[in-house]
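An overview of the molecular structure
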Amino acid sequence: MATYLLVHGAWHSGKCWERVVPLLASAGHRVSAPTLTGYGDTAHLLGPEVGLDTHVDDVVRLITEEDLSEVILVGHSYAGLVISSAANQIPDRIAHLVYLDAMVPEDGETAVDVLPVAQAQIDRALQSESGWRVPPLPEFPPPMGLFGVTDPADVAWLRTMLSDQPVRCLQQPVRLDNPAVNAIPRTHIHCVVGEPEGFTRRPVPAIQPNGDPAQVWELETGHDCMITTPVELTDLLLKLGY
């Protein structure tokens, strides 16, 4: 039995994994898909003080309080930053890092370093009435849709879980200064349909920090693959179980 911890990206909630969790669980694995502070059913906790560090603490606290070990830690989109810093704090508890169409940072980098187009979101938030709220991206015509989701019923369902993101999430730096984190194997899963204009994916280095060859898989779908292709995503994740 493996332990999967699925971390959602910006604006979403743990609800976005509802189609993947039962598939992993039915294969005999332990699965957790928490909602980070300020999203979904914790939206009442949203405030300018909530940032990347808050979400890293969410993940580290869950792992330590539930005494999880050998965790396959999956981070979608913005959560690539979250799982990186979390693994830096508790590398002995992490068996594998999965960057699911995610930001992949180096030590000391912010979201803007990884994805420069995020600067425009920061600027708009700072100039907005709130001074800190970053609203979800709008829906675009297919194939981009709403975070890569184009089916009308799925779009309507996705809208029920979206909320604003605090700008601090895009401003705080990732910490990857623990040498032990480099020993953790990594897998990158890229969603290759409907990539937005201005989006430039960082190339994955041919060699992982632990010295192994890079492992990069692709899904022929949009960004929110856990909604659009849950079976195909689960099949890939199961390859990492043991």
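Before going into details, it helps to say that this report is about the structure given with it. (Residues numbered from 1 in each chain as written. Predicted model: local features only at pLDDT ≥ 70, side-chain atom pairs only at ≥ 80, totals over all residues. Heavy atoms only, no water.)

Judged by how many residues are buried, strand β1 (residues 3–7) sits mostly within the fold: five of five residues are covered. On β1, burial covers both faces: Thr3, Leu5 and Val7 on one face and Tyr4 and Leu6 on the other are all buried. Two elements, β1 and strand β2 (residues 30–32), share three bridges in a ladder whose sense is parallel. Paired with Thr3 across the bridge in β2 is Arg30. As judged from the five bridges shared by β1 and strand β3 (residues 71–76), these two strands associate in the parallel manner. From the neighbouring strand, Leu6 faces β3, where its bridge partner is Val74. (Buried < 20%, exposed > 50% of the residue type's maximum accessible area, 1.4 Å probe, protein only. Helix = DSSP H or I, 4+ residues; strand = E, 2+ residues; numbered from the N terminus. Pairing = 2+ DSSP bridges.)

Of all seven residues in strand β4 (residues 94–100), seven are buried; the element is thus mostly enclosed. Note: β3 against β4, six bridges, orientation parallel. Bridge assignment links Ile72 to a residue of β4, and that residue is His96. The handedness of the β3 to β4 crossover, carried by helix α3 (residues 79–89), is right-handed. In the sheet, β4 pairs with strand β7 (residues 186–191) via four bridges, with the strands oriented parallel. Bridge pairing links Leu100 to Ile189 in β7. (Right-handed = clockwise from strand over helix to strand, strands pointing away.)

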